[in-house]
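For reference, the chains in residue letters:
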Amino acid sequence: GPKWDKTTLTWRINGSTPSTMRRTVLDSEIHQALLLWSRHSKLKFYPSGSNPADILITFFSRDHGDNLAFDGIGGVLAHAFFPGPDFGGDVHFDADETWIETGKKDPSGTGLFGVAAHEFGHSLGLSHSPIVESLMFPYYRDIDFDFELPQDDINGIQALYG
Ligand SMILES: CC(C)C[C@H](C(=O)NO)C(=O)N[C@@H](CC(N)=O)C(=O)NCc1cccc(N)c1
Ligand SMILES: [Zn+2]
Ligand SMILES: [Zn+2]
């Protein structure tokens, strides 16, 4: 499938962000999620500042112009676009989820780090994996910062950007 033709990628968070999470925490969750992938590949990620980013991260509710409307709290949590120009690589999070910081044992919330790490796999060109312990398995499980990228995901990212 599609992959980036470069190993240095930029990211930016665009627009309004969840009130349940301080912006400094949000930036850290995103940074840690990207680190998971860069630790096992030649990929490097940098904030784009005010320039256009390869990976544009936005929180949207319901209809948001890409024919992939979100569904309110629960259900679909986020989606991402495979590598490419414009919306390629972009990640959309469902703003109606209760996004919480990693490590906070709040069963009513959804840990952003785990979902972001999964979505960035898609942004880099990985599809879902049938391996239940993989990060690219279709269904969410909460992870925290000492999470090690499972072998199946390492194999996937190495195959693309080893
Ligand atoms: C058909 C897709 C748009 C579903 C969507 C997804 O896979 N986004 O990448 C999604 O939100 N999947 C949920 C599961 C579901 N409700 O369909 C999910 O937990 N994905 C994120 C995730 C987070 C952490 C780990 C894993 N394995 C998956
Ligand atoms: Zn979207
Ligand atoms: Zn997915």
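Notes on the structure in this doc start here. (Residues numbered from 1 in each chain as written. Chains lettered and ligands numbered in written order. Predicted model: local features only at pLDDT ≥ 70, side-chain atom pairs only at ≥ 80, totals over all residues. Heavy atoms only, no water.)

### Quick word on the coordination of the zinc ion (ligand 3)
And then number 1: Each protein donor to the zinc ion (ligand 3) is listed here as His118 (NE2), His122 (NE2) and His128 (NE2); together their distances run 2.0 to 2.1 Å.
And then number 2: A relative accessible area of 45% places His128 in the partly exposed class. (Donors = N, O, S within 2.8 Å, 3.2 Å for Na, K, Ca; no water. Buried < 20%, exposed > 50% of the residue type's maximum accessible area, 1.4 Å probe, protein only.)

### Description of the site of ligand 1
And then number 1: Taken together, 16 residues sit near ligand 1, with Gly75, Leu77, Ala78, Glu119 and Phe137 positioned nearest.
And then number 2: Measuring from an oxygen atom of ligand 1, one finds a backbone N or O atom of Leu77 at 2.8 Å.
And then number 3: One of the backbone N or O atoms of Tyr140 is found 3.0 Å from an oxygen atom in ligand 1.
And then number 4: Burial of ligand 1 by the surrounding chains reaches 79%, relative to a free accessible area of 610 Å².
And then number 5: Spatially, ligand 1 is embedded in the largest pocket.
And then number 6: Tallying contributions element by element places helix α2 (residues 112-123) first for the shell around ligand 1, with five residues. (Near = heavy atom within 4 Å. Polar contact = N/O pair within 3.5 Å; in protein donor to acceptor, adjacent residues only side chain to side chain. Areas by Shrake-Rupley, 256 points an atom, 1.4 Å probe, with all protein chains shown as cover. 1 Å grid on protein atoms, 1.4 Å probe; cavity = no way out; pocket = protein on both sides within 12 Å on 5 of 7 lines; lining within 4 Å. Sits in = over half its atoms within 2 Å of the grid points. Helix = DSSP H or I, 4+ residues; strand = E, 2+ residues; numbered from the N terminus.)

### A closer look at the coordination of the zinc ion (ligand 2)
Ideal values differ by geometry: the angle at a metal is 109.5 degrees with four tetrahedral donors, but 90 or 180 degrees with six octahedral donors.
And then number 1: The zinc ion (ligand 2) binds to the protein through His64 (NE2), Asp66 (OD), His79 (NE2) and His92 (ND1); the donor distances cover 1.8 to 2.1 Å.
And then number 2: Its four donor atoms give the zinc ion (ligand 2) angles of 99 to 116 degrees at the centre, a pattern that matches the tetrahedral case.
And then number 3: Here the donor residues of the zinc ion (ligand 2) are spaced in sequence according to H-x1-D-x12-H-x12-H. With His79 in strand β4 (residues 78-80) and His92 in strand β5 (residues 91-94), this pair connects stretches of sequence that are 13 residues apart.
And then number 4: The exposure class of His92 is buried, given its relative accessible area of 9%. (Tetrahedral: all angles 85-135°; square planar, octahedral: opposite > 155°, others 65-115°.)

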